[in-house]
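Chain by chain, the residues:
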Amino acid sequence: MTPAATVAAGHGPDRPPGEGPNELLRRLRTGADADPVTHVERVPARAGEQVPWPRWAPEELRAAFARRGVVAPWRHQAEAADLAYAGTHVVVATGTASGKSLAYQLPALATLLADPRATVLYLAPTKALAADQLRAVAGLELDGVRPACYDGDTPRAERDWIRRHSRFVLTNPDMLHHGILPGHAHWSGFLRRLAYVIVDECHTYRGVFGSHVAHVLRRLRRQCARFGRTPIMVLASATSGDPATAAGRLTGLPVAAVTDDASPRGGVTFALWEPPLLPGADDPAVGAVDLAPVRRSALRETAGLLADAVAAGVRTLAFVRSRKGAEVVAATARRALDEAVPGLGGRVAAYRAGYLREERRELERALLHGDLLGLASTNALELGVDLVGLDAVLICGWPGTRASLWQQAGRAGRSGGEALAVLVARDDPLDTYLVHHPEALFGRPVEATVLDPANPYVLAPQLACAAAEAPLTPADLELFGEGAKEAVDSLVEAGALRQRPTGWYWRHRERPEVDLRGEGGAPVCVVEAATGRLLGTVDGGSAHFLVHPGAVHLHQGVSYVVDSLDLADGCALVHPEEPDWSTHARDVTSLTVASVRSYVDAGPVGLFLGEVDVTSQVVSYQRRRISSGEVIDTRPLDLPARELRTVAVWFTLSPESLASAGVEPADVPGALHAAEHAAIGLLPLMATCDRWDIGGLSTALHPDTEAPTVFVYDGHPGGAGFAERAYRTAAQWLRATRDAIAECGCEAGCPSCVQSPKCGNGNNPLSKPAAIRVLDVVLASLGASAGSAAPPPRQGGRAAEQTRRPRPGPAGGADGRG
């Protein structure tokens, strides 16, 4: 993020003179058979409000900022800096490119200049952001600060020097967890003088990852307290709902919020773009379902827009939701450009996690210097990196939250000029709903960040890590909050901790193995078999889906096919190949109810929240022709099953209510399955989750509920807070689900309403009309019993008596977390 607005605004070196966002949008729409733009929102420019430098800011620091073009701070920067310098924990939650970094750099650097022994620790969620902040701080050229990055890419020869000499260390939560806190004895000199902890882009710490980071920060506070230090927490966040509460849950401290954005902002033209329908045939993957024509894929549409923008000389960043998608968009755009102007495709590249450090740094440099005109990136570049001179942003698919949408859109126009942002809808229920309901995007507050530090599947492993660093005491349990005593007791019972009069001691020689990101284990290396060259990595939780034997893997536009996957050694061997098909893993899922936390008795409908056990297994993959999407074949896989204890929301219906609504018994499985798909697709509208963070299962008769049931569950051990949010907003969530299905123009169901890209049953059976009737029954019943949430039932209580057990019926479908 920029320290503040600079004096001069500029355009990319290749941009046609005088072409603004409206002209660019008209250029992109040219040639379409039907106008793909469903809505254009104009976000007006805004003037900034500057204030004098704080009196405590030293002249040396003011002069350094002035050399960078910052003549005075914006009002919100000075307000947050004043609070932090006075010793108040503070979060500054303002818009993209509002200069949040100055708000924490100012008090931190002023303290380092005033106290030659003080230190600062900066935490970023991505390496790209930390590298960008290192450039910004080092560029101020302040004597004695000695900023340095300390992360997994830091050569070991440099690490000792950083521990001894750097006073402004930039790192990430993973390195703090795996490196600094376990080695706190080596960091004692740094920690005993720690004045500030800066937590940048703190809104990204949500779900299981956010809950882990919350306890890593408590472990850091604990180690500092041993040296008598209480560092001030300064947090920076995108605009979010209730940032003070979210920051307080993250840090465990009272936090003041600064939210009134006083920075100037260039105007933004924001277009909602729905790819056109293609003349289609029945998709063999769906069996007997007669599909309406499908839409052109969002990946292909984004690639075409990126190529058009680059051909026009417009510096453009395309955000794509997956690593594979980013590679596909970049490769497709390069091919199109090279066909038009040989060599122009070289000015487009992909950027994603999993690249080697040298590749990432070179891509960042090329983009900043204008050598690249177009970049297709995952959200690795969403956060903070100061990309001066970009003119347009393409967002391929709903990014999951309004906060992320505005973060990504804000990458354009960061030098203060006019900008264009385009949201390209995927063939997906939520995307389709949003491009036709702009009121759900514009003029509404962004979501509150969801995290649950009391999650026992997070809290117990973090307490084990804390005990391995130093014995736990009763005072520590208060620091770690609700559920800490129960978690410690469980660790003692499991033999991980030993209780003594002075506290609880870690019993093992090796440290606990805890994955902050809940990604299912250590990364899997992708290695070229013939040469032994490391191409990159994929996270352990995704390896079953992305690098199973036979999978097509893309790296920097080059296609590879996986020969073997060794999960024990964490290695996938690949060979280069350019097949004319893509691969799509398929899994099967089963679910049992472990307990019920709460329920709503709505007559023929029951709404429940509770713990469930989910078993899933990737059992096969499809090969589909790239040109047509035709399914070539389905090949079996032999991969181990994975088990998950998590939190789910589910609703049940009595067979009588379905019959009264006109849902024939033969249509019940397809009706529930279609409702489940759409409900999963629309949940991100209510919670700060991604469709791939959650899973679902539907059945015409579940043995635990003894009724037709639809489950939606968190895809993380212990839950991530998403199911709880769905339970609390059930009427609103299911109303949007019903509307999305009913308003879709297809007859029998399509990817825009009830089909799922991750369906383990091949999107069969599905019944769109019956799904609407099912949701009508649920909504009418919930509306009639508003406010009737009940406590958890006793064994054999109302939950078990929802219906009497009828004879077994057909299953609906399962959609495991992808």
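Figured I'd write up the structure that's included with this text. All values reported here derive from a predicted model rather than from experimental measurement.

Thresholds, definitions, all that
- Residues numbered from 1 in each chain as written.
- Predicted model: local features only at pLDDT ≥ 70, side-chain atom pairs only at ≥ 80, totals over all residues.
- Heavy atoms only, no water.
- Helix = DSSP H or I, 4+ residues; strand = E, 2+ residues; numbered from the N terminus.
- Buried < 20%, exposed > 50% of the residue type's maximum accessible area, 1.4 Å probe, protein only.
- Areas by Shrake-Rupley, 256 points an atom, 1.4 Å probe, with all protein chains shown as cover.
- Phe/Tyr/Trp six-rings, centres within 6.5 Å; stacked < 30°, edge-to-face > 60°.
- Salt bridge = Lys/Arg side-chain N within 4 Å of Asp/Glu carboxyl O.
- Pairing = 2+ DSSP bridges.
- Axes fitted to C-alpha atoms, helices over the stretch in contact; angles between N-to-C directions.
- Contact = heavy atoms within 4.5 Å.
- Parallel < 35°, antiparallel > 145°, perpendicular 65-115°, else oblique.
- Left-handed = near helix turned anticlockwise from the far one by under 90°.
- Nonpolar A, V, L, I, M, F, W, Y, C, P; charged D, E, K, R; others polar.
- Core = buried A, V, L, I, M, F, W, Y, C linked by side-chain atoms within 4.5 Å.
- Polar contact = N/O pair within 3.5 Å; in protein donor to acceptor, adjacent residues only side chain to side chain.

1. Notes on the overall build of the protein
And step 1. Secondary structure summary: the protein contains 24 helices and 29 strands in total.
And step 2. Here the protein holds 818 residues, and 59% of them are scored as buried.
And step 3. Of the accessible surface of the protein, which amounts to about 30900 Å², a share of 52% is contributed by carbon and sulfur atoms.

2. Overview of the packing of aromatic side chains
Between two aromatic rings, the relevant description is the distance of the centres plus the angle of the planes.
And step 1. Inspection of every chain in the model, using the stated rule, returns 12 aromatic pairs.
And step 2. Taking 4.0 Å as the distance between ring centres and 5° as the angle between the ring planes, the aromatic pair formed by W56 and Y85 counts as stacked. Of this pair, W56 sits in the loop between β1 (37-43) and α2 (59-67) while Y85 is found in helix α3 (residues 75-85), placing the two residues 29 residues apart along the sequence.
And step 3. A residue is classified by how much of its surface remains accessible, and W56, at 22% relative accessible area, is partly exposed.
And step 4. Aromatic pair F608 and W650: ring centres 5.6 Å apart, planes at 10°, arrangement stacked. In this pair, F608 is assigned in strand β23 (residues 605-625) and W650 in strand β25 (residues 642-653), connecting sequence segments 42 residues apart.
And step 5. Taking relative accessible area as the criterion, W650 reaches 2% and is therefore assigned buried.

3. Some points on the pattern of salt bridges
And step 1. In the structure shown here, the tally under the stated rule is 24 salt bridges.
And step 2. One salt bridge in this structure joins R26 and E23, with 3.8 Å as the shortest N-O distance. On the criterion of helical spacing, the pair formed by R26 and E23 is a turn pair, its members being 3 residues apart in helix α1 (residues 21-29).
And step 3. The closest approach of N and O atoms between E418 and R42, which form a salt bridge, is 2.9 Å.

4. Things to note about the sheet that holds strand β7 (residues 232-237)
And step 1. Strand order in the open sheet made by the 7 strands is β4-β5-β3-β6-β7-β2-β8, with parallel pairing throughout. Looking at which strands have only one partner, the edges of the open sheet turn out to be β4 (147-149) and β8 (256-258). Looking at each pair of strands side by side, their axes are set apart by 20° on average, direction ignored.
And step 2. Pairing of strand β2 (residues 90-93) with β7 involves 4 bridges; the strand directions are parallel. When the sheet's bridge partners are listed, V92 is paired in β7 with A236.
And step 3. Against the sheet, helix α5 (residues 127-138) contacts β3 (119-123), β4 and β5 (168-171), and its axis sits at roughly 165° relative to β4.

5. Considering the sheet that holds strand β20 (residues 558-566)
And step 1. One open sheet accounts for 5 strands, arranged β18-β17-β21-β20-β19; its pairing is mixed. Sheet topology places β18 (534-538) and β19 (552-555) at the edges, where each strand pairs with a single neighbour. The mean angle between the axes of side-by-side strands here comes to 35°, regardless of whether they run parallel or antiparallel.
And step 2. As defined by bridge partners, β20 adjoins strand β21 (residues 571-576) across 6 bridges and the pair is classed as antiparallel. By the bridge assignment, V561 is partnered in β21 with H575.
And step 3. Of the strands in this sheet, β18 and β19 are in contact with helix α12 (residues 323-340), which crosses β19 at around 65°.

6. Some remarks on the packing of α2 against helix α4 (residues 100-114)
And step 1. Look at α2 against α4: their axes get within 10 Å of each other, and the N-to-C directions meet at 140°. Viewed along their axes, α2 and α4 adopt a mutual orientation that is oblique. Along this stretch, α2 crosses α4, giving a crossing that reads as right-handed. Taking contact as the criterion, the partners of E60, L61 and F65 in α2 are, on α4, L102, Q105, L106, L109, A110 and L113.
And step 2. Of the residues contributing to the contact of α2 with α4, the split by class is 7 nonpolar, 1 polar and 1 charged.

7. Brief notes about the nonpolar core
And step 1. Counting 123 residues, the largest nonpolar core has F270, L653, W733 and L734 as its most contacted members.
And step 2. Other than its neighbours up to four places away in sequence, F270 contacts H39, V40, E41, I395, L405, W406, A409, A421, L423 and F442.
And step 3. Counting residues in each nonpolar core, the second largest holds 39 residues, with L112, A124, C149 and A236 among its members.

8. Some details on unusual backbone geometry
And step 1. The backbone of E201 shows a phi angle near 50°, a positive value even though the residue is not glycine.
And step 2. On the accessibility criterion, E201 (1% relative accessible area) is buried.
And step 3. A positive phi angle, close to 55°, is found at E706, a residue other than glycine.
And step 4. Among the secondary structure elements, E706 is positioned in the loop between β26 (694-702) and β27 (707-714).

9. Considering the side chain of D261
And step 1. Mapped onto the elements of the fold, D261 is located in the loop between β8 and β9 (268-273).
And step 2. For D261, the side chain forms a polar contact with the side chain of R46, separated by 3.3 Å.
And step 3. A distance of 3.1 Å separates a polar atom in the side chain of D261 from the backbone nitrogen of G95.
And step 4. What D261 contacts, discounting residues up to four positions off in sequence, is R46, H76, T94, G95 and S98.

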